[in-house]
There are 2 protein chains.
Amino acid sequence: MGMIKISDAINLINSEIEKISFPAQPGMLYRPAEYVLAAGGKRIRPALVLFTCNVYSGDYSEAILPSIGIEMFHNFTLVHDDIMDNSPLRRGQPTVHVKWGRDTAILSGDAMMVLANRFVCGAPAPVLKPVMELFNATALEVCEGQQYDMDFEQMDTVSEAQYLEMIRLKTSVLLGAAMKMGAIIGRAPEKDAALLYTFGINTGMAFQLRDDLLDVYGSEGFGKQRGGDIIANKKTLLLIRALSAADHTIRERLMNLLSSSWNDPQEKVAKVLEIYNQLGIENAVNVMITNYHLKAVDALKKLTCTSEAKNELMQFAESLAVRTR
Amino acid sequence: MGMIKISDAINLINSEIEKISFPAQPGMLYRPAEYVLAAGGKRIRPALVLFTCNVYSGDYSEAILPSIGIEMFHNFTLVHDDIMDNSPLRRGQPTVHVKWGRDTAILSGDAMMVLANRFVCGAPAPVLKPVMELFNATALEVCEGQQYDMDFEQMDTVSEAQYLEMIRLKTSVLLGAAMKMGAIIGRAPEKDAALLYTFGINTGMAFQLRDDLLDVYGSEGFGKQRGGDIIANKKTLLLIRALSAADHTIRERLMNLLSSSWNDPQEKVAKVLEIYNQLGIENAVNVMITNYHLKAVDALKKLTCTSEAKNELMQFAESLAVRTR
């Protein structure tokens, strides 16, 4: 088998996920899991497991079950996060707790977590231990990230370092772990597995900061409200940067904008945006994104795999860091 | 190392659990986990893992981490079940969702589930796969049991078979799995591992039915309200049996008692108890308990282990099936 592209891997994952048959009973446990998994998503994480496995072993078949485990785990976190964040919609559809109620969302989420474990345990016996250790360490970090995210809502100020650590845990480690897991299953050299983890972490950071930026500076679309983070007073890197870069007067103005109530939220967005522009926040965050992207590229260059594989990963990293929506 | 007793194993587990050091941060994730684990509990499940492992290998050290995983998993289910059941107290202390709020209970429960996995993954490499498969299959069954239990609250009638299947999933399989897990880690013959599972399942069934019976016929104590199940209209085996054994008149009377509102709940308990006595429910359930106990003993007799070990298990089974509170 030659190199597969990440887009091929996404198609493979989609057809594998369609094949999953959940037990019929108890319906309230398995129908929500089915619903969440069928609602789509980009399937980037499981595709990366297949891709990196295939790069090193020329085959991805041993990575299929663990890759579905990674996707199942990701979806489990979404179900529980949506309860905690009171989110009404996910991928354009009602969230599980809205559609079936809170208790069902808790319990079917739990079942998805168990199913995730079971799929990851489908890793080949010789690498089962390192795969499970990576998975469990990562899963715990993702919980920590979500906890910090919730903690931040109650805090008056969040430092840049705290914010970056939160998004590393909540978002980046799962991307890194997906790439490393595929490498372990493909029996890649340990050094390459570690480099892919570094690549994934830094690409994940660039991805999340781009997400923060696009909330304010992106083209609208996909049902996302422009400036949603500003309206919700979310402590994104943009706001944290603005608060630390501002002088006393501007900081007071910004704090006032955040604490006022607004009949027209878009007026608030416009006024905060004005301050961001004055402080050069877009450029500052773009510099940070570039730095993370360069760190990812640095790790990428050191890999021992084919340049064809490196090119594919380079395109992938760019698509996450430089995207416009 | 000679045979350890189950009471020794309980002491061992308690001292191992005291040694667990949770990360300091994020505090809202790990303090609740610490709190739940420190609140005690009988530690029967992890003790059984150590005990059966030791019976077959003469050593329990390889079973310590997985046994803590089983206890951690059990405690995770309690944290999430308590949210779903709106329980204010557990082991005489405020439940996590009451003490820290619902979101914290969801997320720290999730973290406990991940930690449970991590501990179970501490099983020796040669048996890691069967241990994980047993654990995951069991964890999923426990979720199914909780779902059926919640489903039953919404149903008008629950059959005896449905109820027995629910308690098998919610309670018995984890006892069976604990015993089988220890046997696998102790490299017991496959036949013995399967027999211990059967023993655990049937002892678990006897235990739960005894629990149902003690709610009504037990001596009071330990903060439990006499007849709590009756007051809550819980569809226990006693009620299911009574409804199916009653003639039309008595069934109507029983249904009326359940649907009426009571200023003095103990009056309701007394009246329902009168019907139970009239129908011989205590005796009928005792016969069922004895049948489960006999099935457990039957499996026990076929084990290839020492008679000393069998005696210890026999005493254990009797203590669960024949206890008075």
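Residues numbered from 1 in each chain as written. Chains lettered and ligands numbered in written order. Predicted model: local features only at pLDDT ≥ 70, side-chain atom pairs only at ≥ 80, totals over all residues. Heavy atoms only, no water.

## Here's the deal with the relation of the copies chain B and chain A
Heads up, the rule is: A residue counts toward the fit only if its pLDDT is at least 70 in both copies, and the copies are then superposed by least squares on the C-alpha atoms of those residues.
Superposing chain B onto chain A takes a rotation of 180° combined with a translation of 0.0 Å along the rotation axis, leaving an RMSD of 0.0 Å. The superposition operator between the copies reduces to a two-fold rotation axis.

## Regarding the interface of chain B and chain A
How we decide: Note on contacts: a residue pair is in contact if any heavy atoms of the two residues lie within 4.5 Å. Buried area is understood as the total, over both parts, of accessible area removed when two parts are fitted together, assessed with a 1.4 Å probe. Pairs of N or O atoms within 3.5 Å make up the polar contacts considered here, provided that, within protein, one atom can donate a hydrogen while the other can accept it, and that residues adjacent in sequence are counted only when both atoms are side-chain atoms. What counts as a helix is a DSSP run of H or I of at least four residues, what counts as a strand is a run of E of at least two, and both are numbered from the N terminus.
Tallying the contact residues gives 38 residues for chain B and 39 residues for chain A. Between chain B and chain A, roughly 3,600 Å² of surface is buried when both sides are summed, and carbon and sulfur atoms account for 68% of that area. When the buried area of chain B at its contact with chain A is split by residue, Leu107(B), Val114(B) and Leu140(B) rank highest and sum to 16% of it. Inspection of the chain B/chain A interface yields eleven residue pairs in polar contact (both at pLDDT 80 or more). Going through the elements one at a time, helix H2 (27-38), helix H4 (64-84), helix H6 (102-120) and helix H7 (128-154) of chain B are the ones with two or more residues in the side of chain B that touches chain A.

## Here's the deal with the packing of aromatic side chains
What counts here: For Phe, Tyr and Trp, where Trp contributes only its six-membered ring, two rings pair if their centres lie within 6.5 Å, and the inter-plane angle classes them as stacked under 30 degrees, edge-to-face over 60, or tilted in between. Remark: exposure states derive from per-residue accessible area (1.4 Å probe, protein chains only) relative to the maximum for the residue type, with buried under 20%, exposed over 50%, and partly exposed in between. We call a charge positioned over a ring when the NZ of a Lys or the CZ of an Arg lies within 6 Å of the ring centre and within 35 degrees of the ring normal.
Taken as a whole, this structure holds ten aromatic pairs over all chains when the rule is applied. Centre to centre, the rings of Tyr148(B) and Phe152(B) are 6.3 Å apart; their planes meet at 35°, and the pair counts as tilted. Here Tyr148(B) pairs with Phe152(B), and both are found in helix H7, just four residues apart, close to one helical turn. Note on Phe152(B): relative accessible area 6%, which makes it buried. In this structure an aromatic cluster arises from ring pairing among Phe73(A), Phe76(A) and Phe135(A). Positioned above the aromatic ring of Trp100(A) is the side chain of Lys99(A), whose terminal nitrogen or guanidinium carbon lies 5.3 Å from the ring centre. Positioned over the ring face of Tyr197(A) is Lys180(A), at 5.7 Å from the centre of the ring.

## Some details on the pattern of salt bridges
Residue and element names in this part refer to chain A. Here is the rule we go by: What makes a salt bridge here is a side-chain nitrogen of Lys or Arg within 4 Å of a carboxyl oxygen of Asp or Glu, nothing more.
Tallied over the entire structure, the rule returns 24 salt bridges over all chains. Across the pair Asp298 and Lys302 runs a salt bridge whose closest N-O atoms are separated by 3.6 Å. Judged by its relative accessible area of 42%, Asp298 is partly exposed. Look at Lys302 and you get partly exposed, because its relative accessible area is 48%.

## Some remarks on helix H1 (residues 6-19) of chain B
Residue and element names in this part refer to chain B. The test is simple: The span expected for a helix works out to 1.5 Å for each residue beyond the first. Regarding the arc, it is the one traced by the directions from the helix axis to the C-beta atoms.
Here H1 contains 14 residues, and its C-alpha end-to-end distance of 20 Å stays within 8% of the 20 Å for a straight helix at 1.5 Å per residue. Within the sequence span of H1, burial applies to Ile6, Ala9, Ile13, Glu16 and Ile17. Projected onto a plane normal to the axis of H1, the buried residues spread over an arc of 100° and lie on a single side. The exposed set on the far side of H1, more than 90 degrees from its buried face, consists of Asn11, Glu18 and Lys19. Buried residues in H1 make contact with H2, helix H3 (44-57), H4 and helix H15 (307-321).

## A closer look at the packing of helix H11 (residues 237-245) of chain B against helix H14 (residues 281-301) of chain B
Residue and element names in this part refer to chain B. What counts, and what does not: Whenever a helix is involved, its axis is fitted only over the stretch in contact; in every case the axis is a line through C-alpha atoms, and angles between N-to-C directions fall within 0 to 180 degrees. Each angle gets one of four labels, with under 35 degrees taken as roughly parallel, over 145 as roughly antiparallel, 65 to 115 as roughly perpendicular, and the rest as oblique. The sense of a crossing depends on the near helix, which, turned anticlockwise from the far helix by less than a right angle, makes the crossing left-handed and, turned clockwise, makes it right-handed. Each residue gets one of three labels, nonpolar for Ala, Val, Leu, Ile, Met, Phe, Trp, Tyr, Cys and Pro, charged for Asp, Glu, Lys and Arg, and polar for the others, Gly among them.
Contact geometry for H11 and H14: axes closest at 10 Å, N-to-C directions at 120°. Overall, the two elements H11 and H14 adopt an arrangement that is oblique. Here H11 runs over H14; the crossing is right-handed. In this structure, H11 contributes Leu237, Leu238, Arg241 and Ala242 to the contact, and H14 contributes Ile281, Ala284, Val285 and Met288. When its residues are assigned to classes, the contact of H11 with H14 shows seven nonpolar, no polar and one charged.

## A short note on the side chain of Thr236(A)
Residues and elements named next belong to chain A. Structurally, the position occupied by Thr236 is in the loop between helix H10 (228-231) and helix H11 (237-245). Judged by its relative accessible area of 5%, Thr236 falls in the buried class. Aside from chain neighbours lying at most four places away, what touches Thr236 is Tyr163, Asp212 and Asp229.

## Digging into helix H3 (residues 44-57) of chain A
Residues and elements named next belong to chain A. Between its terminal C-alpha atoms H3 stretches 20 Å, which fits the 20 Å expected from 14 residues at 1.5 Å a residue. Where burial is concerned, most of H3 is hidden: twelve out of the 14 residues are buried. Every buried residue belonging to H3 is among Ile44, Arg45, Pro46, Ala47, Leu48, Val49, Leu50, Phe51, Thr52, Cys53, Asn54 and Tyr56, and all of these are buried. The inward-facing, buried residues of H3 abut helix H1 (6-19), helix H4 (64-84), helix H8 (160-185), helix H9 (190-217) and helix H15 (307-321).

## A few points about the state of the cysteines
The following threshold applies: Criterion for a disulfide: a pair of cysteine sulfur atoms within 2.5 Å.
Scanning the model with the defined rule gives zero disulfides over all chains in all. In this structure Cys305(A) is not part of a disulfide, and its nearest cysteine sulfur, from Cys53(A), lies 13 Å away.

## Structural notes on the nonpolar core
Counted only if it meets this: In this description, a nonpolar core means a group of buried Ala, Val, Leu, Ile, Met, Phe, Trp, Tyr and Cys residues linked to one another through side-chain atoms lying within 4.5 Å.
One finds Leu209(A) and Leu209(B) to be the most contacted residues of the largest nonpolar core, which totals 239 residues. In this structure, Leu209(A) is in contact with Tyr163(A), Leu164(A), Ile167(A), Leu237(A), Val285(A), Met288(A), Ile289(A) and Tyr292(A), ignoring residues within four places of it in sequence.

## A closer look at the packing of H1(B) against H3(B)
Residues and elements named next belong to chain B. Direction vectors running N to C along H1 and H3 enclose 115°, while the axes themselves pass 8 Å from each other. Every pair of crossing elements has a handedness; the one defined by H1 and H3 is right-handed. Each of Ile6, Ala9, Ile10, Leu12 and Ile13 in H1 lies in contact with H3, whose residues at this interface are Pro46, Ala47, Leu48, Leu50 and Phe51. Partitioning the contact of H1 with H3 into residue classes produces ten nonpolar, no polar and no charged.

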